[in-house]
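Chains, contacts and geometry: an overview
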Amino acid sequence: MNPRSSRVAATAAAVVVLAGLATACNRGSDSNTSASGGKTAIGVDLPRADSDFWNSYAQYIKQDGSSQGLNTLPVSNSQNDVTKLVANVQVFQNTGAKAVVMAPQDTGAIASTLDALAAKKIPVVSVDTRPDKGQVYMVVRADNKAYGTKACEFLGKQLGGKGKVAEFQGALSSINGRDRSEAFAACMKEKFPGIQVIELATDWKGDVASAKLQSTLAANPDLGGIYMQAGGVFLQPTLALLQQKGLLKPAGQPGHIAIISNDGIPQEFDAIRKGEIDATVSQPADLYAKYALFYAQAGAEGKTFQPGPTDHGSTIVQLPNGLEDQLPAPLVTKDNVDDKSLWGNNVSK
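Since this is a predicted model, take the numbers as computed values, not measurements. (Residues numbered from 1 in each chain as written. Predicted model: local features only at pLDDT ≥ 70, side-chain atom pairs only at ≥ 80, totals over all residues. Heavy atoms only, no water.)

Notes on the overall build of the protein
A tally of regular secondary structure across the protein gives nine helices and 15 strands. For the protein, the residues scored as buried account for 55% of the 349 residues in total. Sequence-distant contacts, at least 24 apart, represent 73% of the contacts inside the protein between residues at least 6 apart. When the accessible surface of the protein is split by element, carbon and sulfur atoms take 51% of a total near 13,900 Å². (Helix = DSSP H or I, 4+ residues; strand = E, 2+ residues; numbered from the N terminus. Buried < 20%, exposed > 50% of the residue type's maximum accessible area, 1.4 Å probe, protein only. Contact = heavy atoms within 4.5 Å. Areas by Shrake-Rupley, 256 points an atom, 1.4 Å probe, with all protein chains shown as cover.)

Regarding unusual backbone geometry
Even without glycine at this site, Asp128 takes up a positive phi of about 70°. By the secondary structure assignment, Asp128 is in the loop between β5 (124-127) and β6 (138-142). The phi dihedral of Asp263 falls on the positive side, at around 150°, and the residue is not glycine.

So, the sheet that holds strand β11 (residues 279-282)
Adjacent strands of a sheet form backbone hydrogen bonds with each other and so pair up, either parallel or antiparallel. Strand order across the open sheet formed by six strands is β8-β7-β9-β10-β11-β15, with mixed pairing between neighbours. Pairing within the sheet leaves two strands with one partner each, and these edge strands are β8 (195-201) and β15 (331-332). Contacts from helix α5 (residues 175-191) reach β7 (163-169), β8, β9 (225-228) and β10 (258-263) within the one sheet, and its direction differs from that of β7 by about 165°. Contacting β7, β8 and β9, helix α6 (residues 206-219) runs over the sheet at an angle of about 140° to β8. (Pairing = 2+ DSSP bridges. Axes fitted to C-alpha atoms, helices over the stretch in contact; angles between N-to-C directions.)

Let's talk about empty space enclosed by the protein
It is the rolling of a water-molecule-sized probe over the atoms that shows where space remains empty. Per the counting criterion, the structure on display carries two cavities of 30 Å³ or more. Within this model, the largest cavity holds a volume of roughly 160 Å³. Elements with a contribution of two residues or more to the lining of the largest cavity: α1 (52-67) and α5. Among the residues forming the lining of the largest cavity, the class breakdown is five nonpolar, six polar and four charged. (1 Å grid on protein atoms, 1.4 Å probe; cavity = no way out; pocket = protein on both sides within 12 Å on 5 of 7 lines; lining within 4 Å. Points joined across faces, edges and corners; volume = space filled by probe spheres on them. Nonpolar A, V, L, I, M, F, W, Y, C, P; charged D, E, K, R; others polar.)

Concerning the confidence of the model for the protein
Regions with low pLDDT should not have their predicted coordinates read in detail. For the protein, mean pLDDT is 89; residues scoring 70 or higher make up 89% of the total. Scored below 50 in pLDDT, residues 1-37 makes 83 contacts in the model with residues more than four places away or belonging to other chains. (pLDDT = per-residue confidence, 0-100.)

Re the pairing of β11
A two-sided burial pattern is seen for β11, the buried positions comprising Ala279 and Val281 on one face and Thr280 and Ser282 on the other. The pairing of β10 with β11 spans four bridges and is parallel. When the bridges of β11 are listed, Ile260 appears paired with Ala279. In terms of handedness, the path from β10 via helix α8 (residues 266-274) over to β11 forms a crossover that is right-handed. Direction of pairing for β11 relative to β15: antiparallel, over a ladder of two bridges. By the bridge assignment, Thr280 is partnered in β15 with Val332. (Right-handed = clockwise from strand over helix to strand, strands pointing away.)

A short note on the state of the cysteines
The full count for this structure, using the stated rule, is one disulfide. The disulfide that involves Cys152 links it to Cys187, with 2.1 Å between the sulfurs. With the S-S dihedral at roughly -75°, the linkage between Cys152 and Cys187 falls on the left-handed side. Within this pair, whereas Cys152 is found in helix α4 (residues 144-158), its partner Cys187 is found in helix α5, the two being separated by 35 residues in sequence. (Disulfide = S-S within 2.5 Å.)

Considerations on α5
The α-helix advances 3.6 residues per turn, and as a result positions three or four apart in sequence lie on the same side. In a regular helix each residue adds 1.5 Å, so 17 residues correspond to 24 Å; α5 covers 24 Å between its end C-alpha atoms and thus fits that length. Within α5, the full set of buried residues consists of Ile175, Asn176, Gly177, Asp179, Arg180, Ser181, Ala183, Phe184, Cys187 and Met188. For α5, the secondary structure elements touched by its buried residues are β6, α4, β7, β8, β9 and β10. Among the residues of α5, the N-terminal cap falls to Ser174, whose side-chain oxygen and the backbone nitrogen of Asn176 are separated by 3.1 Å. (Expected span 1.5 Å × (residues − 1). Polar contact = N/O pair within 3.5 Å; in protein donor to acceptor, adjacent residues only side chain to side chain.)

Let's talk about the nonpolar core
Within the largest apolar cluster, 55 residues are counted, with the highest numbers of intra-cluster contacts made by Tyr57, Val101, Val125, Val127, Tyr288, Tyr295 and Phe305. Counting residues per element, this core draws most heavily on helix α9 (residues 285-300), which supplies twelve residues. (Core = buried A, V, L, I, M, F, W, Y, C linked by side-chain atoms within 4.5 Å.)

A look at α9
The terminal C-alpha atoms of α9 lie 23 Å apart, and with 16 residues this matches the ideal 22 Å at 1.5 Å per residue to within 8%. In terms of burial, α9 is a largely internal element, 16 of the 16 residues being buried. Backbone geometry just downstream of α9 places Gly302 in the positive-phi region, at approximately 85°.

Details of the environment of Thr129
Counting through the fold element by element, Thr129 comes out in the loop between β5 and β6. Ignoring anything within four residues of it in the chain, the contact list for Thr129 reads Ala103, Pro104, Gln105, Thr107, Val139, Arg141, Ser174, Ile175 and Asn176. Polar contacts involving the side chain of Thr129 include one to the main-chain carbonyl oxygen of Pro104, which spans 2.8 Å.

Focus: the packing of α1 against α9
Between α1 and α9, whose axes approach to 8 Å, the crossing angle comes to 45°. Of the possible angle classes, the one that applies to α1 and α9 is oblique. In this structure, α1 crosses over α9, and the sense of that crossing is right-handed. Here α1 contributes Phe53, Tyr57, Tyr60, Ile61, Asp64 and Gly65 to the contact with α9, which in turn contributes Ala285, Asp286, Tyr288, Ala289, Lys290, Ala292 and Leu293. Tallied by class, residues from the contact of α1 with α9 come to nine nonpolar, one polar and three charged. (Parallel < 35°, antiparallel > 145°, perpendicular 65-115°, else oblique. Left-handed = near helix turned anticlockwise from the far one by under 90°.)

Now the structure itself:
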């Protein structure tokens, strides 16, 4: 998937046609346009700035908003705080947004805001996270249960089905943290019962993960593997700690701790090349931005979609509170880490 191979135009004539696209309904051009050249205004909130993954996503949002010729309002950042997200959304409404792109990190606390936007016919595209409740126009996300399963299968084989694995769990208030954790646990129980999983709650915080890993290593010097649910926040502190303790052994050498991550950032790819970690599951930051903006524009124009396969290698599925476009997320190892189609090989570090 080449993140720069195609760009979705903002006009209806050039919009990517999805297999699930249904007949569009026009809500009325007067209510769907802003004062900026007649283009609909789109509000975009970034969830945080302390993650290499989300900073890469921010680069793509800026790049694709420009290339698609969209009228994006000044981008806000809710800093992993749902209260700030609600306030930022209110600013979008006050400045004429006809669609909103967000990535709520607390997927349970945003429901009332989503329902309020739906009541005002302002479609919401949720990126990477699926709100537990509240109406959404489209969720742009990869299959996070597959992340946990892929991580389990990889580590299980690396350890030969025996040993101990530490798991840095993302916040369980997030659907992503729950999906990855539940899938990882279920897979380990079914396929690798000889592996002991040490679950470490982190709330997506690198310093918390590092502190808990230090305690885990002290109590379990025979630790054989680590599953990091978010390389963007966990990679650097984890490698620093292992280096400090003399445990950062290259893959293939005695004493190497097998590590698999999630995100697909350039720093993870570099660590794979060096043998510091073994694999990651690449979240498509480029496609998250591309299709988030595409669906936001489509929603503002009154277009609707149906479940089914798309023309970009994904599948739209029905949710209780909307639709979800499940984008592909490949496993990256030393065998394919230099693949130029991976976004992590094409974005600035």
